[in-house]
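A look at the structure
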Amino acid sequence: MESVNIKELNDRIQRESAFVDMLSLEMGKVIVGQKRLVENLLIGLLANGHILLEGVPGLAKTLAISTLSQAIDARFSRIQFTPDLLPADLVGTMIYSQKDERFEVHKGPVFANFVLADEINRSPAKVQSALLEAMQERQVTIGDETFKLPEPFLVMATQNPIEQEGTYPLPEAQVDRFMLKVVVSYPKKDEEKLIIRMNNTGEFPKASPVVRPEDIVRAREVVRDVYMDEKIERYIVDIVYATRTPEEYGLGKLKDLISFGGSPRASISLAMAAKAFAFIKRRGYVIPEDVRAVCDEVLRHRIGLTYEAEAENVTTEEIISEVINAVQVP
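Structural notes, computed from the coordinates. Since the model is a prediction, treat every value here as computed from it, not as a measurement. (Residues numbered from 1 in each chain as written. Predicted model: local features only at pLDDT ≥ 70, side-chain atom pairs only at ≥ 80, totals over all residues. Heavy atoms only, no water.)

Structural notes on unusual backbone geometry
Note that the residue after glutamate 151, namely proline 152, is joined by a cis bond; omega there is -10°. Mapped onto the fold, proline 152 is located in the loop between β7 (145–148) and β8 (154–159). Even without being a glycine, aspartate 73 presents a positive backbone phi close to 55°. Looking at where aspartate 73 falls in the secondary structure, it is placed in the loop between α4 (61–72) and β2 (76–80). Of note, arginine 138 is a non-glycine position whose phi angle comes to about 60°, a positive value. Along the chain, arginine 138 turns up in the loop between α6 (125–137) and β6 (139–142). (Helix = DSSP H or I, 4+ residues; strand = E, 2+ residues; numbered from the N terminus.)

Right, here's the structure in full:
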């Protein structure tokens, strides 16, 4: 690790990350505001992780990922999850061809670079697990054949927090498969005025392709090369451990509020997301601020709250904030 030439690495990252500004600019033409959402989409894309989006309807969740796929000139598919959806509707099935007198594979919409799973909590567990398997294994088995999914492959699942009727909440263990959980907020007043104006005039800008899918695959390799010091690794482990055993970090008051803490997947995701964030900021090394910047999105769905915490209206964000303030910064 000592042999890493930080200056050389920094110059390389500066060159390789030039497309990030173009990508952000192109998405900014279509998406009004929502800078945090765009940034998290880029982190997920560069860190090779999937994203779970939570927000009320009409906050440009669908528009964001379709715009990203246009800017990258990649294949995009949108799946509307409903209670009657079947796994075959998602991954594909075998169809009998009378002409050839044999079964042929008909691939489903999951065979795309960007898959939008709209309202994932609307469909039963069987369909959810079919998607989660594709996300984890990056392959799909139809009949007795196994097919690799295209690269890059990014799933963005959305869920609506305001309706409980007719929904099937994702089990905690399955939510863990998403690298980031992003909570989308309402736009600011001036941003909303601009949205109204765009809709009234009917002038909707379209994103132009500025990057190719193979550039993203190459950028992911570069993100892995972003330098992370041992002190930062220790900092990440301390943050995750503080969610499991808060009393060891002087956070005894959280012990009865947390039912379970972050898994090793949380540590891996925190490290990869911090590297991607440093890459977006065009830096060849990770600093503690990078880790703190992605903490909420990486940990908010990986910390379980007890009934006591829910009774006291304690949120996972408040617990994460307490943890970050308690853990010593390197």
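So that's the structure; there's more coming.
Some points on the nonpolar core
By size, the foremost hydrophobic cluster in this structure holds 78 residues, and its most contacted members are Leu68 and Phe279. Excluding residues within four positions of it along the chain, leucine 68 makes contact with Leu23, Met27, Leu41, Leu42, Leu45, Phe114 and Leu154. With 28 residues, the next largest nonpolar core counts Ala112, Val115, Phe147 and Val155 among its residues. (Core = buried A, V, L, I, M, F, W, Y, C linked by side-chain atoms within 4.5 Å. Buried < 20%, exposed > 50% of the residue type's maximum accessible area, 1.4 Å probe, protein only. Contact = heavy atoms within 4.5 Å.)

Re the packing of aromatic side chains
Within the structure shown, the criterion is met by three aromatic pairs. Between tyrosine 96 and phenylalanine 103 the ring centres are 5.2 Å apart and the planes differ by 65°, which places this aromatic pair in the edge-to-face class. For phenylalanine 103, a relative accessible area of 52% translates into the label exposed. The ring centre of phenylalanine 111 lies 4.9 Å from the NZ or CZ of lysine 107, which sits over that ring. Seen from the ring of tyrosine 241, arginine 244 lies directly overhead, with NZ or CZ sitting 4.8 Å from the centre. (Phe/Tyr/Trp six-rings, centres within 6.5 Å; stacked < 30°, edge-to-face > 60°. Lys NZ or Arg CZ within 6 Å of the ring centre and 35° of its normal.)

A closer look at the packing of helix α2 (residues 18–30) against helix α3 (residues 35–46)
Contact pair α2 / α3: the axes reach a minimum separation of 11 Å and the direction vectors enclose 135°. The angle between the axes of α2 and α3 places the two elements in the oblique class. Taken as a pair, α2 and α3 cross one another with a handedness that is right-handed. Contact with α2, carried on its side by Phe19, Val20, Leu23, Ser24 and Met27, involves Val38, Leu41, Leu42, Leu45 and Leu46 of α3 and no other residues of that element. Within the contact of α2 with α3, the residues separate by chemical class into nine nonpolar, one polar and no charged. (Axes fitted to C-alpha atoms, helices over the stretch in contact; angles between N-to-C directions. Parallel < 35°, antiparallel > 145°, perpendicular 65-115°, else oblique. Left-handed = near helix turned anticlockwise from the far one by under 90°. Nonpolar A, V, L, I, M, F, W, Y, C, P; charged D, E, K, R; others polar.)

Quick notes on the side chain of serine 269
Counting through the fold element by element, serine 269 comes out in helix α11 (residues 264–280). The contact partners of serine 269, leaving out residues within four places of it in the chain, are Met179, Val298 and Arg302.

Focus on helix α8 (residues 189–201)
Because each turn of an α-helix spans 3.6 residues, side chains separated by three or four positions end up pointing in the same direction. Its 13 residues place the ends of α8 19 Å apart at the C-alpha level, agreeing with the 18 Å of an ideal helix rising 1.5 Å per residue. Immediately downstream of α8, the backbone of glycine 202 shows phi near 75°, a positive value. (Expected span 1.5 Å × (residues − 1).)

A word on the packing of helix α10 (residues 230–244) against helix α12 (residues 288–299)
Closest axis-to-axis distance for the α10/α12 pair is 11 Å, and the angle between their directions is 30°. On the basis of their axis angle, the class for α10 and α12 is roughly parallel. When the axes of α10 and α12 are compared, the crossing they make is right-handed. Two secondary-structure elements touch here, α10 through Ile232, Tyr235, Ile236 and Ile239 and α12 through Pro288, Val291, Arg292, Cys295 and Leu299. Taken together, the residues that form the contact of α10 with α12 break down as eight nonpolar, no polar and one charged.

Brief notes about the sheet that holds β2
Strand order in the open sheet made by the five strands is β2-β5-β8-β1-β9, with parallel pairing throughout. Bordering the open sheet on either side are β2 and β9 (180–183), each of which pairs with just one other strand. For this sheet the average axis-to-axis angle between neighbouring strands, irrespective of direction, equals 20°. The pairing of strand β1 (residues 51–54) with β8 spans four bridges and is classified as parallel. The residue bridging leucine 52 from the neighbouring strand is alanine 157, located in β8. (Pairing = 2+ DSSP bridges.)

A short note on the pattern of salt bridges
One pass over the structure, following the stated rule, counts 22 salt bridges. Between glutamate 214 and arginine 212 there is a salt bridge; the shortest N-O distance is 3.7 Å. By relative accessible area, which is 46% here, arginine 212 ends up partly exposed. Look at the salt bridges and you will find they share partners, linking Arg36, Glu39, Lys281, Glu297, Arg300 and Glu317 into a network. (Salt bridge = Lys/Arg side-chain N within 4 Å of Asp/Glu carboxyl O.)

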